[in-house]
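# Chain and residue survey
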Amino acid sequence: MSTAPQTSSPGLSGTLADLLRQRAGDDPTAVAMLVDGASRLVDGAGRLVHGGDELTYDGWDRRSNAVARGLVDRGVEHSDRVLLLFDNARWTDYAVSYLAVHKAGATAVPVGTRFAGPELAGVVRHSGASAIVCPPDLAPGDLGLGVDMPWVSSPAALAEGHEDAFVQVPVGPDDLADILYSSGTTGAPKGVAVSHASIAFHDPPPDEEPDGGRATLVHAFPVGTNAAQEVLRVPLRRPDRTVVVMAVFDPERFCALVAEHGVRRIQLVPAMAQLIVASGAAGRHDLSSVERVVLSSAPLPPGLVPLVAQAFPNAAVWNTYALTEGGTARTLLVDAMARPGSVGLGVGGTEVRVVDEQGADRPAGETGEVWLRRPGAPRRHYYRDPDATAATFVGDWLRTGDLGYLDADGYLYLVDRKKDVIVTGGLNVTSLEVEDVLRQHPAVDDVAVFGVAHAVLGQDVGAAVVLRSEVSPRALMAFARQHLAEYKTPHHIFVVDALPLTASGKVLKRELRDRFGEGSPAGTGGEGDHDGDGPVGARTPTEGAIVAIFEEVLDRRPIGVDDDFFDYGGHSLAAAQIVARVNQTFAIELPVTAVFDAATVAELAAMVEAALAPAGEQAG
């Protein structure tokens, strides 16, 4: 069993609303958070989403009071579930709405725009949400729920006509504060139920003491993730912290913000750290203020640690391991350079076990399933899923489903993820969910989905398909994209004659991972390979400019105008960078989905030229 010494004395405090009221009283004009004004985000209709908003403690408190009163006036009652659908560009509105739900005595169900279509409908149905709060342009249409559609309103509409005096519908420590949805080991997203007591039970990391003046934290964690929820609460728990939110992550802009604000401590998922290193942005900005880089949310390639240390020369690199289900039960390695591959010791009394299939402890150095617990911490569970809760929680122990081992000093090392869950850029993708979608295509006879190695994301989604009729991998990708978020869309599709099976008829995904797990130069399984004549060069100035952007962002040369974005390691973070740079270069406003709809240089150039054409020519 492994645990680090207790570093603080956590305990139950008041609600988040109480904390906000205290901060507003102590320092009402201090800026708790702001959205980076340079993080431009365009919605699906090509409209510019406003950025640059800031929120003081007093504004946060008063605005959330008014929205809370609007929720109650609309009929929201104690313990009702209210779904919050926001992107990071509207982070201040999200923060206001989140506190308003708590003040109304209801349960917040935060989801980012990665939830869409059937997946969003599933969350609404499973949570039993009675209301959806979101910006008008993100309002979902008829979700085909088969039940009454929740009413939908914006925070501004809810606040209109309501006073902003403090309000708090009474809640108890065991009442649900949040339900956080993330895909687990089954096809449907699981909702992790988080009580007010669980949120209040908090301890700071080691040596986290007030350091005088206000300090800034920069982040781009998507709304609805556990990491984003923790960052949202930072300025409530720390009166000397301001959070700067990026609408989309871009390594160049991130490093510029760190330099501009003299940021001392940053937290990144490994995919973001990899992009910073690969882009060279660290060399173009003064990052000497950074004292600590915390890497979290996904397996950390040991080879990345020295590169991060080089990018941030004055910083210690920390590595941490935690799960949404575990709450404050987590591990931490305060010097990732000292023990490459380790995620450290238990923090704040967290206990770690590595067990065999019978639940018996494994000796040091031998692999087994990782179990975590935090004695005294309120337990979390899966909302409306007692079977999954029973399978995952054994007493106060969390069965993580991850494989690892403890060394002789009690340090934890992870050797594999949950068997069939793909972790891409820190987000979980369930293979069963993707398989169910691909099987709906009339040309697909059978399919198996698995993780493919990716230099930036850690893993990308791959699929081996058995076809009953001819269809291109690109067409299958487009079909999947209609039903799945982009990070769940398979970007590596391999056509096979048959899937490998066990004697009992189960698919041997291990064989597929061994065969295809390193991916291929063409993410579509070979469709984008050149025929020996080399890539097709740019034929117009527009194509030439976009080729240069593709090559810089994807760090691949040469790239031809007919080469597919996904064939060269493309992913959602890179797509956002490409669109941002295309928009800046041509002074246009393409939506962030442009690269998904026009994945080759030639297709994207045609989209750009259409956007540049006079209105009459576009209509014609």
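In what follows, the accompanying structure is described. Since we're looking at a predicted model, the values are computed, not measured. (Residues numbered from 1 in each chain as written. Predicted model: local features only at pLDDT ≥ 70, side-chain atom pairs only at ≥ 80, totals over all residues. Heavy atoms only, no water.)

## Some thoughts on the overall build of the chain
Filter applied, for reference: Numbering of helices and strands starts at the N terminus; helices are DSSP runs of H or I of at least 4 residues and strands are runs of E of at least 2. For every residue, the accessible area (1.4 Å probe, protein chains only) is compared with the maximum for its type, and the residue is labelled buried under 20%, exposed over 50%, or partly exposed between those bounds. Any two residues having at least one pair of non-hydrogen atoms within 4.5 Å are treated as being in contact. For every accessible area listed, the method is Shrake-Rupley and the probe measures 1.4 Å; residues are considered covered only by the protein chains on display.
When you go through the chain residue by residue, the secondary structure sums to 19 helices and 28 strands. Considering the chain as a whole, with its 620 residues, one finds that 55% of them fall into the buried category. Excluding contacts between residues fewer than 6 apart, the proportion of contacts in the chain whose partners are at least 24 apart in sequence is 70%. Just so you have it, the chain exposes about 24,600 Å², and 51% of that area is on carbon and sulfur atoms.

## Comments concerning the packing of helix α15 (residues 541–554) against helix α18 (residues 601–612)
How we decide: Whenever a helix is involved, its axis is fitted only over the stretch in contact; in every case the axis is a line through C-alpha atoms, and angles between N-to-C directions fall within 0 to 180 degrees. The scheme is simple: roughly parallel for angles under 35 degrees, roughly antiparallel for over 145, roughly perpendicular for 65 to 115, oblique for anything else. Working rule for handedness: look at the near helix, and if it is turned counterclockwise from the far one by less than a right angle, call the crossing left-handed; if clockwise, right-handed. Think of it as three bins: nonpolar holds Ala, Val, Leu, Ile, Met, Phe, Trp, Tyr, Cys and Pro, charged holds Asp, Glu, Lys and Arg, and polar takes everything else, Gly as well.
Across the interface, α15 lies against α18 with an axial gap of 9 Å and an inter-helix angle of 125 degrees. Viewed along their axes, α15 and α18 adopt a mutual orientation that is oblique. For α15 against α18, the interelement crossing comes out right-handed. Of the residues in α18, those touching α15 at T542, E543, I546, V547 and F550 are V601, A602, L604, A605, V608 and E609. In terms of residue class, the contact of α15 with α18 is built from 8 nonpolar, 1 polar and 2 charged.

## Remarks on the packing of aromatic side chains
Put simply, the test is: Aromatic rings from Phe, Tyr and Trp, taking only the six-membered ring of Trp, are treated as a pair when their centres fall within 6.5 Å; an angle between ring planes under 30 degrees marks them as stacked, one over 60 as edge-to-face, and anything in between as tilted.
In this structure the tally under the stated criterion is 11 aromatic pairs. For the ring pair W91 and Y94, a centre distance of 5.5 Å and an interplane angle of 65 degrees mean the geometry is edge-to-face. Placement of the pair is W91 and Y94 together in helix α3 (residues 91–103), with a separation of 3 residues, close to one helical turn. Each of the two residues, W91 as well as Y94, counts as buried.

## Thoughts on the nonpolar core
Heads up, the condition is: As used here, the term nonpolar core means buried Ala, Val, Leu, Ile, Met, Phe, Trp, Tyr and Cys residues forming a set that is joined through side-chain atoms within 4.5 Å.
Grouped together as the largest cluster of nonpolar side chains are 103 residues, with contacts concentrated most on W60, L71 and F312. Ranked by the residues each element gives to this core, the list is headed by α3, at 8 residues. When residues no more than four places from it in sequence are discounted, the contact partners of F312 are I266, I276, L287, V290 and V293. By size, the runner-up hydrophobic cluster in this structure holds 51 residues, among which are V444, V449, A485 and V601.

## Some thoughts on the pairing of strand β26 (residues 444–454)
This is how the line gets drawn: Here a strand pair is declared whenever DSSP counts at least two bridges between the two strands.
Among the 11 residues of β26, 8 are classified as buried, and the element is accordingly described as predominantly covered. Direction of pairing for β26 relative to strand β27 (residues 458–467): antiparallel, over a ladder of 10 bridges. Its bridge partner being in β27, V449 is matched across the sheet by A463. The hairpin turn running from β26 into β27, its antiparallel successor, is 3 residues long.

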